[in-house]
Amino acid sequence: MGRPPLCEQITLFDFMPVISAVVRCFDGETVPVEELEPWMKALVPDGEYMVPGEHPLILRPVKTKETEIQPGLRYLHYMAGSQVYAGIYVGKEEN
């Protein structure tokens, strides 16, 4: 008898792009992130992630090391793996 044929099951979810779903705060907690909307990317071209909220926080990579972040500025910085991200709050006027 020969080997059975190889089969793979795929779903619609296989075709959805996946980004890192969370980033780590400096207090050790994790927060969910989302993709940037086009208007956010226009304001912060090097932004990679968005922390949702009343005023979205756009995260952009910085060359600063984790140990170099001053304690008073840690609330604006996040980690994804070993990469440090600085946050920039953005808003859009509704007409």
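Preceding this paragraph is the structure being described.
Residues numbered from 1 in each chain as written. Predicted model: local features only at pLDDT ≥ 70, side-chain atom pairs only at ≥ 80, totals over all residues. Heavy atoms only, no water.

A. Spatial organisation of the packing of aromatic side chains. Under the criterion given, the structure shown has 1 aromatic pair. Where Y49 meets Y85, the ring centres are 5.4 Å apart and the plane angle is 70 degrees; that geometry is what we call edge-to-face. In this pair, Y49 is assigned in strand β3 (residues 49-51) and Y85 in strand β6 (residues 83-89), connecting sequence segments 36 residues apart. The two residues Y49 and Y85 agree in class, both being buried. (Phe/Tyr/Trp six-rings, centres within 6.5 Å; stacked < 30°, edge-to-face > 60°. Helix = DSSP H or I, 4+ residues; strand = E, 2+ residues; numbered from the N terminus. Buried < 20%, exposed > 50% of the residue type's maximum accessible area, 1.4 Å probe, protein only.)

B. Summary view of the pattern of salt bridges. Scanning the entire structure with this criterion turns up 2 salt bridges. A salt bridge links R24 to E66; the shortest N-O distance between them is 3.3 Å. Placement of the pair is R24 in strand β1 (residues 22-25) and E66 in the loop between β4 (57-62) and β5 (77-80), with a sequence separation of 42 residues. Taking the relative accessible area as the measure of exposure, E66 reaches 32% and is therefore partly exposed. (Salt bridge = Lys/Arg side-chain N within 4 Å of Asp/Glu carboxyl O.)

C. Just the environment of L43, in detail. Along the polypeptide, L43 turns up in helix α1 (residues 38-43). In this structure L43 touches V90 and G91, once residues within four positions along its chain are discounted. (Contact = heavy atoms within 4.5 Å.)

D. Summary view of the environment of R60. On the secondary structure map, R60 appears in strand β4. Separated by 15 residues in sequence, R60 and P45 have C-alpha atoms that sit 8.8 Å apart. Beyond its immediate chain neighbours, meaning those up to four positions away, R60 contacts V44, D46, G47, V84, Y85, A86 and I88.

E. Main features of the sheet that holds β1. Strand order in the open sheet made by the 6 strands is β2-β1-β5-β6-β4-β3, with antiparallel pairing throughout. The open sheet is flanked by β2 (30-32) and β3, the only strands paired with a single partner. Going across the sheet, the axis of each strand differs from the next one's by a mean of 40 degrees, ignoring polarity. Bridge count for β5 against β6 is 4 bridges, and the pairing is antiparallel. Looking across to β6, one finds that Y78 is bridged to Y85. (Pairing = 2+ DSSP bridges. Axes fitted to C-alpha atoms, helices over the stretch in contact; angles between N-to-C directions.)

F. A look at a nonpolar patch on the surface. A cluster of nonpolar residues, L73, Y75 and Y89, forms a patch on the protein surface that exposes about 340 Å² of accessible area. Relative to the helices and strands, Y89 is located in strand β6. (Patch = residues over 30% accessible without salt bridge, like charges linked within 9 Å, V, L, I, M, F, W, Y side chains within 5 Å. Areas by Shrake-Rupley, 256 points an atom, 1.4 Å probe, with all protein chains shown as cover.)

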